[in-house]
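# Structural characterization, general
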Amino acid sequence: MACPFFRRADSLSRQPSVIAEPGTHWNLEDEELSLSDDALTLTHLQMAIQLLTAPSNEDLNTAVTSLVAKYRQSWPNIHKLKLDPKIFKSCANYDYLGDIQELLLKMDEASASEILVLLGEELITCCCTGIIERAFRCLGTDLQEFLGSLDGVYDVLKLQEDDVTDTGFVCAGDGELIFTSERPVIAWLLLGSLKALTRMLYKVDVNIKIEPVEGDARRYRYLFSLVKDSSQTLQLGRPLVATKPHETVQRSNSANASDLQMNSSSFCKMFPWHFIMNEQLELVQLGRGFSKLYKPYLADFGCQASTYFDFKRPKGLTMKFREIVRRTYTPFLIGLKCPPGATDFPAMGLEIKGQMVHCPESNSLLFIGSPFLDGLDGLTCNGLFISDIPLHDATREVILVGEQARAQDGLRRRMDKLKSSIEEANSAVTKERKKNVSLLHLIFPAEIAEKLWLGSSIDAKTYPDVTILFSDIVGFTSICSRATPFMVISMLEGLYKDFDEFCDFFDVYKVETIGDAYCVASGLHRASIYDAHKVAWMALKMISACSKHITHDGEQIKMRIGLHTGTVLAGVVGRKMPRYCLFGHNVTIANKFESSSEALKINVSPTTKNWLTKHEGFAFDLQPRDPSFLPKEFPNSNGNGTCYFLEGFRNPTLDTDLPLDEHINAAMKTISEGGDA
């Protein structure tokens, strides 16, 4: 036998063996739809044909293992074809078939083709099982139909996969198949695979002769013949019409039906899903598709069309010849009935969609249509094959392309579901992010919170003219000694809840609370000429709020407050539970003004007093104190300075008898409208 590699191995481009990256292995099963496990899909058909044209390394190794076990005695070195399966896992693109080709050339060129044919047979025997076998069986009822379907189906699969290679099948005639491939080793494997498939599917032993096609070294011709008569190519029971040499066919333009240049047999073959009814609605002719299903029952149960067909459309159709003639411009949908007495009729319920044509020359009705199917599984479930759909019928394309569309729809649904999951996750992340940002804004000024969220570094910064408020509760230590911790916490919670609301209203920054000490500052995150005013108003409201809160033993809470304005240094301190802290001499002085204050009094420094009286339209009631109350740490260059008690506030535009809250609200509205709040 001739060497199967008449184009030497060194002239062929071999696929590189590269380490597969995670996630790059393409798996056909990823495209399967959410159908039942035994549903036949286009993916299975693709896997089946891929077994012939590009078998996987795993399938090849399975076939080689079986081949070695059977023929070790005939070819002692054949065991060298086996490989460790671990190689396939580490190198997904490993060219195992290329190695087989090289090893066979080294072993015995004369036997190489025989070994490859046997390997192809083992490939089908070992790997063509289950759903893959079903996929092959759906291609046709006999070998010739199988070869014809192989041609058409593979073209559709290549079109759907955008395959631009020349690999493919061409059914050139009865018992003749042409295969195109860049690799001779695949062509010889295919020869063995076709032999094994013929035995498996159709119980026929055939001889297959392979020969190159002249003028194209990539194309191979396979000629099939029965084993019992190898001199004749395989025939499918289609008798040849004997014609005399040089006999010409006389053309006729006659309108007579008898002069038609096509007999009923050819018409039934060309249009398998048609039937003709006479005036009594009896079937006088059946296409090959209908004939396969109903011919055995016609002799026993008659030829009435209503026995075998259910006319579903047009709705309300009266089963009379003239009524049907009137509806010939309406699409017909006919359902197949189970013949009387039939126990196993796979096509029951199959719908045929088509049209009814009135033939006046014979006064008969011709129905011609196509099966109305839902994919490959619907085809096989009704006992049909791809070969039962004529090549000219668009239904053939619809079935195959529809499977691809179904796969794409499934993928689209999965992508939509994944998109929804991602959107839900993003929404949850955004919601949590807002919570985190809100929490940061509660702890830090807005500018600092934004930098922390973005992960930016935060440098300490000096702020001029910051007004600081310090406060504490008079006798807090004594109160704690007489109350339980829960009582103390409850008292502070109610009091500081009001204070926190004041912070939001006046837009001042709460620095911290330590025990009974409550500290705020204005002029840090948003400088304004009214920073001292807002802190002073907050101090007045804090004193007013104390009258609404009592200790556990019924006494009114009494606070003392100190205010001071000056330059401070501010920055974030700490990585775990970071705090935004104020530093500098003026922070210490502000604390001294609080400690030198009195119960229910607001002690104001001279610098704060200057800011409160700098702008007209704000009447603060400031009562000077004895200069001796001025903290020693406060710089008093002229010796005439003193501190003040802030007793109240009045808006000049309002009646003096109105409550303090209304005066403060009117003042806040004034500075807000002025754009310098």
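Residues numbered from 1 in each chain as written. Predicted model: local features only at pLDDT ≥ 70, side-chain atom pairs only at ≥ 80, totals over all residues. Heavy atoms only, no water.

Under the convention used in this document: UniProt positions are given in the numbering used here, feature names are shortened, and annotations may be inferred rather than shown by experiment.
Going by what an unreviewed UniProt entry lists, the chain is known as guanylate cyclase and is assigned to Drosophila albomicans. Checking UniProt for the chain, the heading Subcellular location (unreviewed entry) contains the comment "Cytoplasm".

## A short note on the pattern of salt bridges
Opposite charge on two side chains makes pairing possible when the charged atoms of those side chains draw close. Rules: A side-chain nitrogen of Lys or Arg and a carboxyl oxygen of Asp or Glu constitute a salt bridge if their distance falls within 4 Å. What counts as a helix is a DSSP run of H or I of at least four residues, what counts as a strand is a run of E of at least two, and both are numbered from the N terminus. Three exposure classes are used, based on accessible area relative to the maximum for each residue type with a 1.4 Å probe and protein chains only: buried under 20%, partly exposed in between, and exposed over 50%.
For the structure on display, the rule yields 17 salt bridges. Put simply, E133 and R137 hold a salt bridge, and the shortest N to O gap is 2.8 Å. Of this pair, E133 and R137 both sit in helix α6 (residues 131-137), separated by 4 residues, roughly a single helical turn. Taking relative accessible area as the criterion, E133 reaches 22% and is therefore assigned partly exposed. Owing to a relative accessible area of 32%, R137 belongs among the partly exposed residues under this scheme. Among the ionic pairs, E182 bridges to R218, the shortest N-O distance being 3.6 Å. Of this pair, E182 sits in the loop between β2 (176-180) and α8 (184-202) while R218 is found in strand β4 (residues 216-226), placing the two residues 36 residues apart along the sequence. In this structure E182 comes out as partly exposed when scored by relative accessible area, which is 46%.

## Observations regarding the packing of aromatic side chains
Definition in use: A pair of aromatic rings is counted whenever rings of Phe, Tyr or Trp (Trp by its six-membered ring) have centres within 6.5 Å, and the orientation is called stacked for planes under 30 degrees apart, edge-to-face for over 60 and tilted otherwise. Geometrically, a charge over a ring is one whose NZ (Lys) or CZ (Arg) sits within 6 Å of the ring centre while staying within 35 degrees of the ring normal.
Throughout the structure, instances matching the rule amount to 26 aromatic pairs. Geometrically, the ring pair formed by Y496 and Y518 is tilted, given 5.1 Å between the ring centres and 45° between the ring planes. Of this pair, Y496 sits in helix α17 (residues 485-506) while Y518 sits in strand β13 (residues 517-522), and the two are 22 residues apart along the sequence. Residues Y496 and Y518 agree in their burial class; the two are buried. Between W537 and F649, the aromatic rings sit 5.4 Å apart at their centres with planes inclined by 65°, giving edge-to-face as the arrangement. One end of the pair, W537, is in helix α18 (residues 531-546); the other, F649, is in strand β18 (residues 644-650), with 112 residues separating them in the sequence. Of the two residues, W537 and F649, neither departs from the other in class, the shared state being buried. Ring-pair connections join several aromatic residues into one group, and the members of that group are W273, F275, F290, Y294, Y308, F309, F345 and F367. Sitting over the ring of W611, K614 keeps its end group 3.6 Å from the ring centre.

## Focus on the pairing of strand β9 (residues 351-359)
The cut-off we apply is this: If DSSP finds at least two bridges between two strands, the strands pair.
With 4 bridges joining them, strand β8 (residues 332-336) and β9 adopt antiparallel strand pairing. In the sheet register, F332 faces β9, and the bridge partner there is G354. Two strands pair when backbone bridges link them, and β9 and strand β10 (residues 364-372) are joined in this way by 9 bridges, in the antiparallel orientation. Residue pairing for β10: Q355 is matched across the bridge by I368. A loop of 4 residues connects β9 with β10, the two strands running antiparallel in sequence, and N363 in this loop sits at a positive phi of about 50°.

## Examining the packing of helix α2 (residues 57-71) against helix α4 (residues 96-107)
Filter applied, for reference: Helix axes are fitted only over the stretch in contact, all axes being lines through C-alpha atoms; the angle between N-to-C directions runs from 0 to 180 degrees. We call two residues contacting when some pair of their heavy atoms lies within 4.5 Å. Residues are grouped as follows: nonpolar covers Ala, Val, Leu, Ile, Met, Phe, Trp, Tyr, Cys and Pro; charged covers Asp, Glu, Lys and Arg; every other residue, Gly included, is treated as polar.
One can describe the packing of α2 onto α4 by two numbers: an axis separation of 9 Å at closest approach and a directional angle of 40°. The segment α2 lies against α4, with N57, L60, N61 and V64 engaging Y96, L97 and I100. Its residues placed into classes, the contact of α2 with α4 shows 5 nonpolar, 2 polar and no charged.

## Observations regarding the sheet that holds strand β5 (residues 274-277)
The 6 strands are arranged β6-β5-β10-β9-β8-β7 in an open sheet whose pairing can be described as antiparallel. Taken across any chain shown, the strands that pair with only one partner, and hence form the sheet edges, are β6 (283-286) and β7 (309-313). Strand-to-strand, the axes of this sheet are offset by a mean angle of 30°, without reference to chain direction. Along the sheet face, helix α10 (residues 288-301) touches β5, β6, β7, β8 and β9 and points at about 135° away from the line of β6.

## So, a nonpolar patch on the surface
Which entries qualify depends on this criterion: Patches were defined on residues exceeding 30% relative accessible area and lacking a salt bridge, with like-charge contacts within 9 Å and nonpolar side-chain contacts (Val, Leu, Ile, Met, Phe, Trp, Tyr) within 5 Å. For accessible areas, the Shrake-Rupley method is used with a probe of radius 1.4 Å. Any residue's cover is judged against the shown protein chains and nothing else.
A cluster of nonpolar side chains, L411, M415, L418 and I422, forms an exposed patch at the surface whose accessible area comes to about 350 Å². As for its placement among the helices and strands, I422 is situated in helix α14 (residues 394-443). For I422, a relative accessible area of 44% translates into the label partly exposed.

## A few points about the sheet that holds strand β3 (residues 206-213)
Spatial strand order, β1-β2-β4-β3: 4 strands in an open sheet with antiparallel pairing. Each edge of the open sheet carries a strand with a single partner, namely β1 (168-173) and β3. The sheet shows a mean angle of 25° between the axes of neighbouring strands, direction not considered. Packing of α8 onto the sheet brings it into contact with β1, β2, β3 and β4, and relative to β3 it is tilted by some 160°.

## What about the environment of V227?
Looking at the secondary structure, you find V227 in the loop between β4 and α9 (264-270). Between the alpha carbons of V227 and N207 there is a distance of 5.6 Å; along the sequence they are 20 residues apart. Residues contacting V227, with those up to four places away along its chain left out, are D205, V206 and N207.

## Structural notes on the nonpolar core
This is how it is decided: Think of a nonpolar core as a cluster: buried Ala, Val, Leu, Ile, Met, Phe, Trp, Tyr and Cys residues, connected wherever their side-chain atoms sit within 4.5 Å. An automatic or database domain assignment is the source of the domain bounds shown.
In this structure, L45, F136, F146, Y222, F275, M277 and F309 are the most contacted members of the largest nonpolar core, which totals 98 residues. A per-element tally of this core places α8 first, with 13 residues. The two domains that each donate at least three residues to this core are domain 1 (42-161 + 169-226) and domain 2 (264-392). With residues up to four places along the chain from it excluded, the contact list for Y222 reads G175, E176, L177, F179, A187, L190, L191, L194, I208, K209 and I210. Judged by nonpolar contacts, the second largest core, of 47 residues, contains V488, I557, F649 and A667.

## Regarding helix α20 (residues 606-614)
One turn of the α-helix equals 3.6 residues, which is why residues spaced by three or four share an orientation. Along α20, the residues classified as buried are P606, T608, W611 and L612. Considering only its buried residues, α20 is in contact with β11 (461-473), α18, β14 (559-573), α19 (585-595), β16 (601-604) and β17 (619-624).

## Let's talk about unusual backbone geometry
The phi dihedral of L281 falls on the positive side, at around 60°, and the residue is not glycine. By the element assignment, L281 lies in the loop between β5 and β6. For L281, a relative accessible area of 7% gives the class buried. Unusually for a residue other than glycine, D465 sits at a positive phi of about 55°. You can see D465 is positioned in strand β11.

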